[in-house]
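# Breakdown of the fold
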Amino acid sequence: MPGPLLDTLKGFRQPVPPVWLMRQAGRYLPEYRELRAEKGGFLELVYDSEAAAEVTVQPIRRFGFDGAILFSDILIVPHAMGQGLEFMAGEGPKLSPTLIEVELDSFTPDHDRFEPVYETVRRTRGMIDDSVTMLGFAGSPWTVATYMIAGEGSKDQGPARLLAYRDPARLQAIIDRIVATSVKYLRGQIDAGAEAVQLFDSWAGSLAPDEFERWVIAPNAAITAELKASHPDTPVIGFPKGAGAKLPAYARETGVDAIGMDETLDPAWVHASLPAGMPVQGNLDPLLVEAGGPALPKRVRAIVDAFGDRPHVFNLGHGIGQHTPISHVEELLAALRG
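Residues numbered from 1 in each chain as written. Predicted model: local features only at pLDDT ≥ 70, side-chain atom pairs only at ≥ 80, totals over all residues. Heavy atoms only, no water.

## What to know about the packing of aromatic side chains
The test is simple: Centres within 6.5 Å make a pair out of two Phe, Tyr or Trp rings, where for Trp the six-membered ring is used; the pair is then stacked when the planes are under 30 degrees apart, edge-to-face when over 60, and tilted otherwise. Note on conventions: DSSP H or I runs of at least 4 residues are helices, E runs of at least 2 residues are strands, and numbering of each starts at the N terminus. Each residue is placed in one exposure class: buried if its accessible area under a 1.4 Å probe, protein chains only, is under 20% of its type's maximum, exposed if it is over 50%, and partly exposed if it falls in between. The rule is short: NZ of Lys or CZ of Arg within 6 Å of the ring centre and within 35 degrees of the ring normal puts a charge over the ring.
With the rule as written, the count across this model stands at 10 aromatic pairs. Ring geometry for Phe-42 versus Phe-71: centroids 5.6 Å apart, planes at 70°, classification edge-to-face. Here the residue Phe-42 occupies a position in helix α3 (residues 42–46), and Phe-71 occupies one in the loop between β1 (67–69) and α5 (76–80), the gap between them amounting to 29 residues. Among the residues examined, Phe-42 registers a relative accessible area of 11% and is labelled buried. With a relative accessible area of 6%, Phe-71 lands in the buried category. Aromatic side chains Tyr-118 and Tyr-185 sit 6.4 Å apart centroid to centroid with 35° between the ring planes, which places their arrangement in the tilted category. Taken together, the positions of Tyr-118 in helix α6 (residues 115–127) and Tyr-185 in helix α9 (residues 168–192) put the pair 67 residues apart, joining distant regions of the chain. Among the residues examined, Tyr-118 registers a relative accessible area of 8% and is labelled buried. Its guanidinium or amino end placed over the ring of Phe-212, Lys-246 lies 5.2 Å from that ring's centre, counting from NZ or CZ.

Right under this line is the structure:
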């Protein structure tokens, strides 16, 4: 029997919204910090299927979340496409050479890098109850491209945005390659046991409307169409962070089954603007969970009430912060489930 999260993503509203949190497997958990110290580095942990499955399951054991999100990273896709990838302590990810310096065709793809991730999905599926939904994911092409072009995260995604204006044909070729690789990657996750997948477009909000249509909506629609052709029963969650007023167009035009909302969106506006009955996910501010206090349960109830007659997966507006107290997550869950 499918669990409450999978049921919700398929359009069936639950009396109590199911819940998972973006980055729920990570640095705010002492058991995660201990295992990461033992393994040495982030990428080493991701490619160690046994350890990555353990990390994926840690928050399920502690909190009883309704979904287990694969422990991995969106930059596994450019790594498999042949770009060098390192995670530097205190600096974040570094990709080299950048697509400012070289052409994409100079890379030698190594799709075998996906195999440990698929094994993580298989192991995790065997470790969790059937009522817990196994969630896979990939970065959306625009967001992945911004890292591949600049070689790192950037404040305003300027290098990729400049390329979009100066040489859109070249950016289109990069996006198309990311689309094809992401489809392969997500199909592999689903075949390994992922029951739903999320497309993370963390930098969708940096684009002007015309560029949003071309570099966010069109590539996500292409991925979703490919996945629906091969795995029609697997829900796809689209999360275009920062989309703002462009969210309804994204919902209508990408073909995704559910929409993830960031914390800047008014739930009442979202409810009024999206297609009737379309499942939504979100959108508590992660910093409110870190801060705690009486505003936390009040905001939890306000979000739940705003989607009272719509399928709703409770989540954050982005990833949980590493300094979030465990007790505040427990307060969130008590407010939601109590």
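Picking up after the structure, the text goes on.
## Some words on the pairing of strand β9 (residues 312–316)
Worth spelling out the cut-off: We call two strands paired when DSSP finds no fewer than two bridges between them.
With five of five residues buried, β9 lies mostly within the body of the structure. Burial along β9 is two-sided: His-312, Phe-314 and Leu-316 and Val-313 and Asn-315, pointing in opposite directions, are all buried. Inspection of the sheet shows strand β8 (residues 280–284) paired to β9 by five bridges, in the parallel sense. Considered in β9, the bridge of Gln-281 is made with Val-313.

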